Amino acid sequence: MIELLRLGHRLPRDQRTTTHCGLAGRALGVEKMWYTGDRDKEMENGLVNLTGRFGGPFTVEWSESEYVLIKKKKKEGFKIIHLTMYGLDFEKTKIKAEKQLLIVGGEKVAPELYRLSDYNISIGNQPHSEVAALALYLYKNFGLKKLFKDVKMEIVGSERSKVMKRNSEKAF
Ligand code: SAM
C-alpha cells in the first residue's frame, strides 16, 4: 500500500501542481493522497471525478497536521519516505517496505520532518519538482500500475487517433 502526503498546499498557486501529484501518483500506484495546507474541495473533486472515470482505488483527504498524520501512519506500520534534493541517492538506497507513505513538499520543509522520516531520499541532488520526484521514485520502485478497478473509460493506445473504450464499446 503506497500513500502520498503533499505538504503545504496553497490556494490558488498549488492547485495544478497538487492535482498533478495526485494524477501521477494514481497512475503509478498511489492509493491515497493526503495533503496539508489550504483545504481545496475543487482540487479534491477533480481527482475524485477522474478516478470515477478511469478507475482506482484512489482517494484524497486533507489533514490538519502532517505530524499527527505521520505518527498515525508509523503506528499503522508505514515507512515514511520523504523526497528531497538533500537526501540519499534513490538509486543506491533500497527500501523494501510494503507500506510506504511518500512525502513531497512544499515551499520550505521543516527540519522536524527530516527527523521524523525513516528515509530522506533524493532523486538526484538538483532541485526540480515534486511531481517529477514522485514519478521517478514510483516508476523505479514499482513501474507503471497495470490494474485499475471500477474502470468506466479506458484509453486504448493508438498510433494516430484517440481511442477510448467505454463499457466494452469502442468510440472515437
Ligand atoms: N527545498 C526543496 C527540497 O527540499 O527538495 C525543493 C522544493 S521543490 C519546489 C518542492 C518539492 O519537490 C520538495 O519538497 C521535494 O519533495 C521535491 N523535490 C525537488 N527536487 C527534488 C529532488 N532532487 N529529489 C527529491 N525530491 C525533490
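Report on the accompanying structure. (Residues numbered from 1 in each chain as written. Predicted model: local features only at pLDDT ≥ 70, side-chain atom pairs only at ≥ 80, totals over all residues. Heavy atoms only, no water.)

## Topic: the site of the ligand
Note the threshold: Nearness of a residue to a molecule or strand requires only that one of the residue's heavy atoms be within 4 Å of it. Polar contacts, as used here, are pairs of N or O atoms within 3.5 Å; protein pairs need one atom able to donate a hydrogen and one able to accept it. Residues neighboring in sequence count only if both atoms are side-chain atoms. Values of accessible area rely on a 1.4 Å probe in the Shrake-Rupley scheme; residue burial ignores everything except the protein chains shown. Only protein atoms enter the 1 Å grid used here. Points where a 1.4 Å probe fits but cannot escape make up a cavity, open sets with protein on both sides within 12 Å along at least five of seven lines make up a pocket, and a residue lines them when an atom lies within 4 Å of a point. Each molecule is checked against the cavity or pocket grid, and it sits inside if more than half of its atoms lie within 2 Å of the grid points.
Around the ligand, the surrounding shell holds 19 residues, and the nearest of these are Leu 83, Thr 84, Ile 123, Gly 124 and Gln 126. Separating an oxygen atom of the ligand from a backbone N or O atom of Gly 105 is a distance of 3.1 Å. Backbone polar atom of Glu 130 to an oxygen atom of the ligand: 3.2 Å apart, as the coordinates give it. When the free accessible area of the ligand is taken as 530 Å², the share hidden by the protein chains comes to 86%. One can see that the ligand is located within the largest pocket.

## A look at the sheet that holds strand S2 (residues 30–37)
Strands in a sheet are paired, the pairing made by backbone hydrogen bonds, and the direction either parallel or antiparallel. What counts, and what does not: Two strands qualify as a pair provided that DSSP identifies no fewer than 2 bridges between them. Secondary structure follows DSSP: runs of H or I at least 4 residues long count as helices, runs of E at least 2 residues long count as strands, and numbering of each begins at the N terminus. Lines fitted to C-alpha atoms define the axes here, with helix axes fitted over just the stretch in contact, and angles between the N-to-C directions of these axes take values from 0 to 180 degrees. Should any heavy atoms of two residues lie within 4.5 Å, those residues are counted as being in contact.
Reading across from one edge, S3-S2-S1-S5-S4-S6 is the order of the 6 strands in this open sheet, with parallel pairing throughout. This sheet does not close on itself; its edge strands, each paired only once, are strand S3 (59–62) and strand S6 (119–122). Between one strand axis and the next, the sheet turns through 30° on average, direction left out of account. Note: strand S1 (residues 2–9) against S2, 6 bridges, orientation parallel. Following the sheet pairing, Arg 6 is matched in S2 by Tyr 35. Those strands touched by helix H2 (residues 41–54) are S1, S2 and S3, and its axis lies near 175° from that of S2.

## Details of the nonpolar core
One broad rule of soluble globular proteins: the nonpolar side chains tend to lie buried together. Applicable threshold: Think of a nonpolar core as a cluster: buried Ala, Val, Leu, Ile, Met, Phe, Trp, Tyr and Cys residues, connected wherever their side-chain atoms sit within 4.5 Å. Three exposure classes are used, based on accessible area relative to the maximum for each residue type with a 1.4 Å probe and protein chains only: buried under 20%, partly exposed in between, and exposed over 50%.
One finds Leu 4, Met 33, Leu 83, Leu 102, Ile 121 and Tyr 137 to be the most contacted residues of the largest nonpolar core, which totals 25 residues. For this core, the elements supplying multiple residues, two or more each, are S1, helix H1 (15–27), S2, H2, strand S4 (79–89), strand S5 (100–104) and helix H5 (130–142). Among the elements that make up this core, the one with the highest residue count is H5 (5 residues). Among all residues touching Leu 4, those that are not within four sequence positions of it are Cys 21, Val 30, Lys 32, Met 33, Trp 34, Leu 101, Leu 102, Val 104 and Leu 134. Counting 12 residues, the second-largest nonpolar core is a separate cluster that includes Trp 34, Leu 69, Val 109 and Leu 113.

## Some remarks on the pattern of salt bridges
Note the threshold: When a carboxyl oxygen of Asp or Glu is within 4 Å of a side-chain nitrogen of Lys or Arg, the pair counts as a salt bridge.
On inspection of all chains with the given rule, the structure shows 12 salt bridges. For Arg 10, the salt bridge is made with Asp 14, and the minimal N-O distance between the two is 2.8 Å. Taking the relative accessible area as the measure of exposure, Asp 14 reaches 5% and is therefore buried. Within the structure, one salt-bridge network assembled from shared partners comprises Glu 3, Lys 72, Lys 73 and Glu 76.

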